[in-house]
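Results of the structural survey
Here are the chains, one letter per residue:
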Amino acid sequence: MYLHLLAVAVSNANFELMKYAAILLFSIFVLIFSSCDRAEEPFEYPADPIDTTKVLIPIAQRTITSQEVWIGTNSESECSGSNPTESYARFEVDLAAGNNVLRLIPDSATCILDASLATNFIGDELSDLPLEELTFEFTFSNTILSNQTELWLSWYYHELEFDLNIAPYLFSDQQPDLPLSGLVSLKIVGGSPVVNILGTEVDPVFNSSISDNHFAINASNQQNYFQTAMHSENTKEQSLLLYRFLRISTMGIPE
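The rules behind these values
- Residues numbered from 1 in each chain as written.
- Predicted model: local features only at pLDDT ≥ 70, side-chain atom pairs only at ≥ 80, totals over all residues.
- Heavy atoms only, no water.
- Pairing = 2+ DSSP bridges.
- Helix = DSSP H or I, 4+ residues; strand = E, 2+ residues; numbered from the N terminus.
- Axes fitted to C-alpha atoms, helices over the stretch in contact; angles between N-to-C directions.
- Salt bridge = Lys/Arg side-chain N within 4 Å of Asp/Glu carboxyl O.
- Buried < 20%, exposed > 50% of the residue type's maximum accessible area, 1.4 Å probe, protein only.
- Disulfide = S-S within 2.5 Å.

With that settled, consider the sheet that holds strand β12 (residues 214–216). Taken in spatial order, the six strands line up as β2-β5-β13-β7-β8-β12 in an open sheet, and their pairing is antiparallel. Strands with a single pairing partner mark the edges of an open sheet, and in this sheet they are β2 (71–77) and β12. Averaged over all adjacent pairs, the angle separating strand axes in this sheet is 15°, with direction ignored.

Here the focus is the pattern of salt bridges. Scanning all chains against the criterion turns up two salt bridges. Salt-bridge contacts for Arg62 lead to Glu125; the nearest nitrogen and oxygen are separated by 2.6 Å. Of the two residues, Arg62 is situated in strand β1 (residues 55–62) and Glu125 in the loop between β5 (112–120) and β6 (135–144); the sequence distance between them amounts to 63 residues. The exposure classification of Arg62 matches that of Glu125, with both residues buried. The salt bridge involving Glu137 is made with Arg247; its shortest N-O contact spans 2.8 Å. Of the two residues, Glu137 is situated in strand β6 and Arg247 in strand β14 (residues 239–252); the sequence distance between them amounts to 110 residues. Look at Glu137 and you get buried, because its relative accessible area is 12%. Given the relative accessible area of 17%, Arg247 is considered buried.

Next up on the list: the state of the cysteines. In this structure the tally under the stated criterion is one disulfide. The disulfide bridge from Cys79 ends at Cys111, spanning 1.8 Å between sulfur atoms. Its S-S torsion of about 130° marks the bond between Cys79 and Cys111 as right-handed, since a negative value means left-handed. One end of the pair, Cys79, is in the loop between β2 and β3 (89–94); the other, Cys111, is in the loop between β4 (99–104) and β5, and 32 residues separate them in sequence. Judged by relative accessible area, which is 13%, Cys79 ranks as buried. Look at Cys111 and you get buried, because its relative accessible area is 1%.

Below, the structure written as structure tokens:
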């Protein structure tokens, strides 16, 4: 009887030991399995991914329409005749043709003539972007210049002040009976102006006693405008400027 009870006790002890070992092995297996790195699920692109391609974004633009405000000025002196100033120095906003026109018509070499057209930038046209992120462009359709004509482009925009006589870069490219047209662009790079005229980068002299060309990017001017202006003297030859497009733009991601 005693031996039987001892055998039962041993059997029960072995069963509990096997049970404990099985639980221990299962726990170790779960621990090892849970600590293994699971394979990452493949990334799924959204159905409509955001396009991060930068495009040209116009900030201010003029195409010579009735919605635009242009202000003209003209003056003459020392002409031989006594005709009205408009006979010698003209400005015109031609909405039918979509052109702005400046024309100087001296009647003698003593004539001193000036004409200009300007437009102001307001509201959303005044971007808070740094000047170096902006491109300033002016496109003209026709110009006729004498060697005594000055043709000025002026961009005044936030801290930028820019006045440049582009006539010296255009005069030699004129051809008889062929209209001279092209693009003038301005960018600010490293704090300096980069000017491209008719596809060629030029290097004007600014802020010098030998030239009235002016450039500044830390100015405190209160005006924001673009202006074209023509001046001639000591010549009997006529001068003409015809244009229809200007733009301030940047490269960015559309909202």
